[in-house]
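# Inside the fold
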Amino acid sequence: MSLPERDTLLAEVRSLTEAYKAGGPPAADAFRELTHLLLRLTVLAPEGGVRLFSGPRGRPEFVLGGWRGHHDPLPLTDGRYLRLTVRLYVAPVEELSRLKVASSSYQYQLDREGDRWVFRYDYLRNPPDPHPSAHVQLRGNLVEDCLPDDTSLERVHFPTARVSLEAVIRLLADQFGIPCHTEPELWRPVLAETERAFLEIAHRPLGGPER
Amino acid sequence: MEENGIVELTRDEIVEMIERGAKHRLNMSARQLVEAYRSGRLENPGAVADLLAFASLLLESDPLFVAA
């Protein structure tokens, strides 16, 4: 990795970040392109990609997902999958239109169908259920027998702060050992740059319902 | 249909997608899924977060919601 290569990439992600923060019609596509770039630098298999979908409600609302929709999780370089779903909408803010995230979900899974999932981070801006807006779930068993009789570990919603895509990518690369396309010396500064920008504007929910 | 890199899904495509996913994962219909979610009775919404996101692309007047 050369310094010019890193600098070029950093300039590209800054430009995409500015574009999605600026709002307006191009914001959603800039967000999609940035997401794709971060994944392509790291854990995404070459045949994978992300796409924006809209529906009868029209263009202010989008879903970012796998190439062919919800049934198409992103293939990873370890032969497993990341089910990525981000619900986006454009909202007026002080006479401008801003891109907002209504919900996001990142699920690491061993099969395409998601029956063999491992962990899942969810964020829901306005949750209708009593679970924390931002939480993580793990599919496994506890060593200690401490949960109520009708509760399995995978049903426990551990509250989290807002978790970024960048944090999920690092988790997959560093702790699950998923190979990355580029060297850490390249992708780490890029992820740090975009995560910092995201956290500056990200909605920070409470750890549970107010009432 | 794809325009400017954005795939525009029809109502039927979205409902079919939700029906298939809800049946496979929770053994329920799309309508039952939406009803359970909106009433706060869906025990584990994260398991179907993708389906619920695509449901949000439907009009509020869609029969799937009206009936729910």
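Everything numeric here is computed off the predicted structure, so don't read it as measured data.

Before going further, it helps to spend a moment on the pairing of strand 5 (residues 96-109) of chain A. Residue and element names in this part refer to chain A. Pairing of strand 4 (residues 81-93) with strand 5 involves 13 bridges; the strand directions are antiparallel. Considered in strand 5, the bridge of Thr85 is made with Ser105. Counted between consecutive antiparallel strands, the loop separating strand 4 from strand 5 contains 2 residues, among which Glu94 sits at a positive phi close to 50°. The pairing of strand 5 with strand 6 (residues 117-124) spans 7 bridges and is antiparallel. Of the residues in strand 6, the one forming a bridge with Tyr106 is Tyr121.

Counting 58 residues, the largest nonpolar core has Phe31 and Leu74 of chain A together with Ile18, Leu33, Leu51 and Phe54 of chain B as the members making the most contacts within it. Take this core: its biggest share by element is 7 residues, from helix 2 (residues 27-41) of chain A.

The next subject is the pairing of strand 4 of chain A. Residues and elements named next belong to chain A. Inspection of the sheet shows strand 2 (residues 61-66) paired to strand 4 by 4 bridges, in the antiparallel sense. Across the sheet, residue Phe62 finds its bridge partner in strand 4, namely Leu88. Relative to strand 4, strand 3 (residues 74-75) is paired through 2 bridges, and the arrangement is antiparallel. By the bridge assignment for strand 4, Leu74 is matched with Leu82. Linking strand 3 to strand 4, which pair antiparallel, is a turn of 5 residues; within it Gly79 sits at a positive phi near 85°.

Residue and element names in this part refer to chain A. Across the interface, helix 2 lies against helix 4 (residues 184-201) with an axial gap of 10 Å and an inter-helix angle of 155°. Classified by the angle their axes make, helix 2 and helix 4 are roughly antiparallel. Where helix 2 crosses over helix 4, the handedness of that crossing is left-handed. When helix 2 is examined against helix 4, the residues Leu34, Leu38 and Leu41 are found in contact with a partner set consisting of Leu186, Trp187, Val190, Leu191 and Thr194. Taken together, the residues of the contact of helix 2 with helix 4 sort by class into 7 nonpolar, 1 polar and no charged.

The rules we used
- Residues numbered from 1 in each chain as written.
- Chains lettered and ligands numbered in written order.
- Predicted model: local features only at pLDDT ≥ 70, side-chain atom pairs only at ≥ 80, totals over all residues.
- Pairing = 2+ DSSP bridges.
- Helix = DSSP H or I, 4+ residues; strand = E, 2+ residues; numbered from the N terminus.
- Core = buried A, V, L, I, M, F, W, Y, C linked by C-beta atoms within 7 Å.
- Buried ≥ 20, exposed ≤ 12 C-beta atoms within 10 Å, placed from the backbone.
- Axes fitted to C-alpha atoms, helices over the stretch in contact; angles between N-to-C directions.
- Parallel < 35°, antiparallel > 145°, perpendicular 65-115°, else oblique.
- Left-handed = near helix turned anticlockwise from the far one by under 90°.
- Contact = placed C-beta atoms within 7 Å.
- Nonpolar A, V, L, I, M, F, W, Y, C, P; charged D, E, K, R; others polar.

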